[in-house]
Amino acid sequence: MEFRGTVHKYGRDIDTDVIIPARYLNTSVPEELAEHCMEDLDAGFVGKVAAGDILVADENFGCGSSREHAPIAIKAAGVSVIIAKSFARIFYRNAINTGLPIMEAPDAVDGISDGDKVVVDADSGTITNETTGATYRAQPFPPFIKDIIETGGLIESVKQRVRG
Amino acid sequence: MIPLSGKTIAEKIFSAHSGTDAHAGDIVVADVDFVMGQDGTSPLAIRALENMGVTEVFDPKKVAVVMDHSSPSPIEGVSALHTMMREFGKRTGAKVYDVGEGVCHQLIPEKGHVVPGDLMVGCDSHTCTYGALNVFSTGVGSTDGAAAMAAGKLWFKVPESIKVTYTGALKPGVYSKDLILHLAGELGADGATYEALEFHGPVIDDLSVEGRMTISNMAIELGAKAGLMKADAKTLAWFQGRGEKTPNPQDPDADAVYERELTFDASAIGPQVAKPHAVDNVSPIEEVEGTPIAEGVLGTCTNGRLEDFAIAASILKGRRVHPDVRFIVAPASRQILLDAIEAGYIQTLVEAGAALVTPGCGPCVGTHNGVPSNGENVISTANRNFKGRMGNSNSFIYLGSPATVAASVIEGKITDPRKYFEGGER
């Protein structure tokens, strides 16, 4: 699995209320949620994010509520992968369950700036900053997580396995 | 073979529910005693079940959906989600708590759905509230919630525990809310990520069950998976008459191993306030005193219980809410509303100028019931002050105890509540 895109970089403790405010939870349609993604933190995000782009953030990304709408909104906005120094516990599990790739790579976060072009090879765990030429290492996805992400989430993965 | 050490509360509960000798770091598949979702998260769980082709829940007596976040519905889209939840209840037999019943985190223990020693998951991050009742309860997303509703079990990583002990005694005008805000300031918003907090000491023993729930409720604000306490005589008395389930309290072993042990002297802690826009941005009230406020909120799963109403009513009795302040009051459940009516607290608060809203999450989550205007400051008993949390990203939320909120709405600015208490010196 390889992801390539422009980086949108944010700070620490990015909470699920700014990722998708509760006032928009009156829908669970991914595309409708995506229209309001990051709205309270960066009103310009939806206008500038392109398919395949990469979110980079400091510690504790996704803290706060358990709303699975948060990874759904980020994914539907076009983000291909999130690289952070660390993730909040519930978000971590929700991201994988909804098929949104996430990686913990503190060195990469420090070495990547907003607007950089980055390539992520999730199979080897290599993160390359094409803007600076620097490369970083992260844990590659274990096979079962790779399978969940490739099939689009836990539900799809279970359905495919049941179908055999 | 090296003898294994004693167990924490978390390790005890996971051992009992997984049929293994569970220790921190182990991954176990455990039976859950209850699964819950609210109106923000249940619709995704219900859709996930449909997607999996699952038409029944593992045990209708062990599943509930609660309409509390946007209740009564403020908008057509939510009305449709509420309908979906009601139909799910009819179809599967799962318990439905409809508009007016209250906040999920009050209802699940209040109605006896969980008892000490239980393991439960809820599709809401503040599910950790029942840790105060010796229940290992934790928040999960809707997909995990759906899996638990279908199978009655889920995989967990048994967390390490941080032991937090409070010595001394709370000074007049200082409450359990101040202790947990103080701890959030000490440990930070990710200070306990992936871990369980375990609370001990004479100060915890002295707290009411309600006061303890305030502490466990906010464990997630430190990133914790749970905020656990022992069940004592008070806990067991609280469960009397609440249902047919038999409590099975799990005490930690004397030689339990903790990742860290922290001790705080509660006598040295005064009222605390979390400032915008982070729960760990905490300072003693002296540093923010005088900050003007346009709105006060009493309620939520953190501080919407009878004791919180008693505290606020004791301060507001015979006084008036400042004319430039809206004071919104939301009991955590219908039963609490009834009890507060009977005790005269509602009369006192409404006479003082409070606007009473339906038992539920009220304005905390920003869906309705008191969205602040641009540039306004709010003082709230809630658990989160994230940017935009109350529905307007151009407003500023401060968090404090019910006493701090009551004192502040009288003066129209953040006010130290200790002046209303004999011996509440600074």
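Scroll up for the structure.
Note that this is a predicted model, so its numbers are computed, not measured. (Residues numbered from 1 in each chain as written. Chains lettered and ligands numbered in written order. Predicted model: local features only at pLDDT ≥ 70, side-chain atom pairs only at ≥ 80, totals over all residues. Heavy atoms only, no water.)

(A) Geometry of the overall build of chain B. Along chain B, the regular secondary structure elements total 14 helices and 18 strands. In terms of overall size, chain B behaves like a compact globule, its C-alpha atoms giving a radius of gyration of 21 Å where 426 residues would be expected to give roughly 22 Å. Dimensions along the principal axes, computed over C-alpha positions, put chain B at roughly 60 × 55 × 40 Å. Buried positions account for 64% of the 426 residues belonging to chain B. (Helix = DSSP H or I, 4+ residues; strand = E, 2+ residues; numbered from the N terminus. Rg over C-alpha atoms; globule rule 2.2 N^0.38 Å. Buried < 20%, exposed > 50% of the residue type's maximum accessible area, 1.4 Å probe, protein only.)

(B) Broad picture of the side chain of His17(B). Residues and elements named next belong to chain B. Residue position: His17 is located in helix α1 (residues 9-18). Here Ile13 takes part through its backbone oxygen, which lies 2.9 Å from a polar atom of the side chain of His17. Sequence-distant contacts of His17, that is, excluding residues within four places in its chain, are made with Val29, Ala30, Asp31, Asp33, Gly117, Asp118 and Leu119. (Polar contact = N/O pair within 3.5 Å; in protein donor to acceptor, adjacent residues only side chain to side chain. Contact = heavy atoms within 4.5 Å.)

(C) Quick look at the pattern of salt bridges. This model, assessed by the stated rule, comprises 32 salt bridges over all chains. Asp13(A) serves as the salt-bridge partner of Arg12(A), at 3.0 Å between the closest nitrogen and oxygen. Taking relative accessible area as the criterion, Arg12(A) reaches 38% and is therefore assigned partly exposed. Accessibility expressed as a relative area gives 17% for Asp13(A), which makes it buried. Salt-bridge contacts for Asp17(A) lead to Arg389(B); the nearest nitrogen and oxygen are separated by 2.9 Å. Of the two residues, Asp17(A) is situated in helix α1 (residues 16-19) and Arg389(B) in the loop between β17 (377-380) and β18 (396-399); the pairing between them involves two chains. Here the salt bridges share partners, and the residues they tie into one network are Arg12(A), Asp13(A), Glu59(A) and Asp190(B). (Salt bridge = Lys/Arg side-chain N within 4 Å of Asp/Glu carboxyl O.)

(D) How the structure looks around the sheet that holds strand β5 (residues 117-121) of chain A. Residue and element names in this part refer to chain A. The sheet built from seven strands is open, its strands ordered β4-β3-β2-β1-β5-β6-β7 with mixed pairing. Single-partner strands in this sheet number two, and they are β4 (102-104) and β7 (135-137). Ignoring strand direction, the axes of neighbouring strands in this sheet form an average angle of 25°. As paired elements, strand β1 (residues 2-9) and β5 share five bridges and run antiparallel to each other. (Pairing = 2+ DSSP bridges. Axes fitted to C-alpha atoms, helices over the stretch in contact; angles between N-to-C directions.)

(E) How the structure looks around the layout of surface pockets. The volume enclosed by the largest pocket comes to roughly 1200 Å³. Surrounding the largest pocket, 38 residues form its lining, Tyr92(A), Arg93(A), Ile96(A), Phe144(A) and Trp155(B) being those nearest its centre. Listing elements by their share of the lining of the largest pocket, those giving two or more residues are α5 (89-97), β4, α7 (143-151) and α8 (154-163) of chain A together with α5 (142-151) and β7 (153-157) of chain B. For the lining of the largest pocket, the leading source of residues is α5(A), giving five residues. The residue inventory of the lining of the largest pocket, partitioned by class, reads 23 nonpolar, five polar and ten charged. When we break the lining of the largest pocket down by domain, the ones giving at least three residues each are domain 1 (12-157) and domain 2 (159-230 + 257-270) of chain B. As a volume, the second largest pocket reaches approximately 410 Å³. Taken together, 18 residues line the second largest pocket, and the ones lying closest to its centre are Glu68(A), Ile72(A), Thr98(A), Leu44(B) and Asn51(B). Secondary structure elements with two or more residues in the lining of the second largest pocket: α4 (69-76) and α8 of chain A together with α2 (42-52) of chain B. At four residues, α2(B) tops the list of elements feeding residues into the lining of the second largest pocket. (1 Å grid on protein atoms, 1.4 Å probe; cavity = no way out; pocket = protein on both sides within 12 Å on 5 of 7 lines; lining within 4 Å. Points joined across faces, edges and corners; volume = space filled by probe spheres on them. Nonpolar A, V, L, I, M, F, W, Y, C, P; charged D, E, K, R; others polar. Domains from an automatic or database assignment.)

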